[in-house]
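# Coordinate analysis (summary)
The residues making up each chain are set out below.
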Amino acid sequence: MTAQLNARGDVAVLVPAAGAGLRLGPGGPKALRLLAGEPLLVHAIRRIAAAGSVRAIVVAAPAGEVEAVQELLAPVAPVTVVAGGAERQESVSLALAAVPAGVGIVLVHDAARALTPPQLIESVAAAVRAGHPAVIPVLPVVDTIKEVGPGAAGPADSGPPLEVVLGTVDRAVLRSVQTPQGFRYDVLAAAHAAAADPLTDDAGLVEKAGVPVTCVPGSELAMKITRPLDLILAEALLHVS
Ligand SMILES: Nc1ccn([C@@H]2O[C@H](COP(=O)(O)OP(=O)(O)OP(=O)(O)O)[C@@H](O)[C@H]2O)c(=O)n1
Ligand SMILES: C[C@](O)(CO)[C@H](O)COP(=O)(O)O
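Note that the structure is predicted; figures quoted are calculated from it, not measured.

We now examine the packing of helix 3 (residues 88-96) against helix 5 (residues 185-194). Angle between the axes and distance between the axes: these two values describe a pair of packed helices. Following both chains from N to C, one finds helix 3 and helix 5 inclined at 130 degrees, their axes separated by 11 Å at the closest point. One element, helix 3, and the other, helix 5, form an angle in the oblique class. Helix 3 and helix 5 meet at a crossing whose hand is left-handed. Across the interface between the two elements, V92, S93 and L96 from helix 3 touch L188, A189 and H192 from helix 5. When the residues that make up the contact of helix 3 with helix 5 are grouped by side-chain class, the tally is 4 nonpolar, 2 polar and no charged.

This brings us to helix 1 (residues 40-49). Of all 10 residues in helix 1, 9 are buried, a share of seventy percent or more. Inspection of helix 1 places L40, L41, V42, H43, A44, I45, R47, I48 and A49 among the buried residues, and these make up the whole buried set. Looking at the packing, one finds that the buried side of helix 1 touches strand 1 (11-16), strand 2 (34-35), strand 3 (38-39), strand 4 (54-61), helix 2 (66-73) and helix 4 (118-129).

Turning our attention to the site of ligand 1. Inspection of the region around ligand 1 gives 22 residues, with P16, G19, L22, R23 and S91 positioned closest. Residues that form the shell around ligand 1 fall into these classes: 10 nonpolar, 6 polar and 6 charged.

In this structure's numbering, the residues bearing the UniProt feature "site: Transition state stabilizer" (unreviewed entry) are R23 and K30. Along the chain, R23 turns up in the loop between strand 1 and strand 2. A residue is classified by how many C-beta atoms lie within 10 Å of it, and R23, with 12 of them, is exposed. Non-local contacts of R23, meaning those with residues more than four positions away in its chain, are made with T226 and R227.

Let us now look at the site of ligand 2. Near ligand 2 the following residues occur: D110, V177, Q178, T179, T200, D201, K224 and T226. A class-by-class count of the residues in the shell around ligand 2 yields 1 nonpolar, 4 polar and 3 charged.

Further remarks concern the environment of A125. When you line up the elements, A125 lands in helix 4. When the 25 C-beta atoms within 10 Å are taken as the criterion, A125 is described as buried. Measuring from C-alpha to C-alpha, the distance between A125 and V135 comes to 8.2 Å, with 10 residues separating the pair along the chain. For A125, the contacting residues outside a window of four places in its chain are V11, S53, I105, L107 and G182.

Rules and cut-offs
Residues numbered from 1 in each chain as written. Chains lettered and ligands numbered in written order. Predicted model: local features only at pLDDT ≥ 70, side-chain atom pairs only at ≥ 80, totals over all residues. Axes fitted to C-alpha atoms, helices over the stretch in contact; angles between N-to-C directions. Helix = DSSP H or I, 4+ residues; strand = E, 2+ residues; numbered from the N terminus. Parallel < 35°, antiparallel > 145°, perpendicular 65-115°, else oblique. Left-handed = near helix turned anticlockwise from the far one by under 90°. Contact = placed C-beta atoms within 7 Å. Nonpolar A, V, L, I, M, F, W, Y, C, P; charged D, E, K, R; others polar. Buried ≥ 20, exposed ≤ 12 C-beta atoms within 10 Å, placed from the backbone. Near = placed C-beta within 6 Å. UniProt positions renumbered as here; feature names shortened; annotations may be inferred.

Here you go:
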């Protein structure tokens, strides 16, 4: 059944879904790869549409797949589909240009975080609504983190030189960053308009503009499906998400 979005909602969600998924290996664009028989993008859109504040969804699809993605998502939820760009940041900018007038809050959410619960979408939106201009979900870093550099070359037949440790970073002040990342519409639009070099996330652009970015607790279910093992983990998580 097609989900209905909330016509009185104040949130638009941009879904960058145009990546190749090189780290996942061969098999076509990542957003269209199957998880339990359905494309990752379908899993992601279903969960976004279940978040009660969402009024509009704009998907940035791989350039050659716009019509196919429109057909794929039509039975899932009402979405606008645009062609994405060569970099994630460009895909987000192109989707931002298609946001309907009057939306106050924009969330940017990776299709690759396909199992993100609607509650996380709502908690990010609520923090923006409460007055924070930019909000990101984060998790603590669970491994010990080392700074490394190139080591000295070993014996001629021992392969490339191994890295050496330069120091141990204080992980207590580090966070692993997820999506959805939420912004006041004007803050995100200004940050993208001023963007020079591509960055890996939208909060990075907003930081550069000097706007404070606030953290809320993330979710293990919002893991990014990046490498082949992640697909296996995601399949195991489906019954709890
Ligand atoms: N040109 C791009 C690159 C990425 N993305 C999207 O940004 C999200 C996060 O990117 P990532 O997981 O790094 O995806 P890929 O770029 O596809 O992965 P890889 O680097 O392994 O190719 C994904 O939903 C991806 O589809 C996008 O819309 N447009
Ligand atoms: C936006 C993001 O998901 C935050 O963790 C991430 O930066 C996406 O891109 P990456 O190239 O996989 O870092």
